[in-house]
Amino acid sequence: MELADIGTPVLVELSCSVHATESEEKVLRALRNVLPAHLRESQRVTISEIRVQGYHGNPIVVIHARARGREASDIYRHIVEKLSAEDRAYIASTLKARRAGEKLYLRLDKQLAFLGVLRVNEGDDVIKVVVHFGHRSRK
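Being a predicted model, the structure only gives us computed values, none of them experimental.

Asker: Would you mind showing me how to read the pattern of salt bridges here?
Answerer: If charged atoms from side chains of opposite charge come close, those side chains can pair. Inspection of the entire model under this criterion finds 10 salt bridges. With a shortest N-O distance of 3.9 Å, arginine 32 and glutamate 41 are connected by a salt bridge. Between aspartate 74 and arginine 77 there is a salt bridge, and its shortest N-O distance comes to 3.3 Å. With aspartate 74 and arginine 77 both in helix H2 (residues 69-82) and 3 residues apart, the pair spans about one turn of that helix. Since its relative accessible area comes to 11%, aspartate 74 is described here as buried. Accessibility expressed as a relative area gives 43% for arginine 77, which makes it partly exposed. Within the structure, one salt-bridge network assembled from shared partners comprises Glu22, Lys110 and Asp125.

Structure representation (structure tokens):
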């Protein structure tokens, strides 16, 4: 199954953490690089931050972005188009494990996203992507 054939996204959520050793500005840039260019500074994508404390008392900022409707579709299409053929094939081969109900879960390399490259990464230093397909999803 092709990733574009899964369905029409109704909501896309992105999130990532900024640790004390990282630049909040650079991590925000990495997250914005996951968005298509026309949405990077748009008010149609809601970006929020919360400040939390890590297990050892270290400060962590969690950045969360969210888009609905056409913008959600644009973001999903952009991610799929920017991924390599190998990453798309990998996601397709692990699709069953990445789906829960009407949601698709992806993890993108945060360091590479800063450089404008979208690549799947199963580690911890990632931008988490949750795509909600709603009732229009095809199984």
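Asker: What is the right way to read the pairing of strand S1 (residues 11-18) from this model?
Answerer: Consecutive side chains of a regular strand alternate in pointing toward one face of the sheet and then the other. A large share of S1 lies buried, amounting to 7 of its 8 residues. For S1 and strand S3 (residues 59-68), the ladder comprises 8 bridges, and the chain directions are antiparallel. Paired with valine 12 across the bridge in S3 is alanine 67. As judged from the 5 bridges shared by S1 and strand S6 (residues 126-132), these two strands associate in the antiparallel manner. Within the sheet, the bridge partner assigned to glutamate 13 lies in S6 and is valine 130.

Asker: It is not clear to me how the packing of aromatic side chains should be interpreted in this structure. Could you clarify?
Answerer: To describe a pair of aromatic rings, you give the distance between the ring centres and the angle between the ring planes. Evaluated as defined, the whole model comprises 1 aromatic pair. Between tyrosine 76 and phenylalanine 133 the ring centres are 5.6 Å apart and the planes differ by 90°, which places this aromatic pair in the edge-to-face class. With tyrosine 76 in helix H2 and phenylalanine 133 in the segment after S6, this residue pair connects regions lying 57 residues apart in the sequence. Neither tyrosine 76 nor phenylalanine 133 differs from the other in exposure class; each is buried. Over the face of the ring belonging to phenylalanine 114 we find arginine 29, whose NZ or CZ atom lies 4.5 Å from the ring centre.

About the thresholds
Residues numbered from 1 in each chain as written. Predicted model: local features only at pLDDT ≥ 70, side-chain atom pairs only at ≥ 80, totals over all residues. Heavy atoms only, no water. Salt bridge = Lys/Arg side-chain N within 4 Å of Asp/Glu carboxyl O. Helix = DSSP H or I, 4+ residues; strand = E, 2+ residues; numbered from the N terminus. Buried < 20%, exposed > 50% of the residue type's maximum accessible area, 1.4 Å probe, protein only. Pairing = 2+ DSSP bridges. Phe/Tyr/Trp six-rings, centres within 6.5 Å; stacked < 30°, edge-to-face > 60°. Lys NZ or Arg CZ within 6 Å of the ring centre and 35° of its normal.

So yeah, pure geometry; function would need other evidence.
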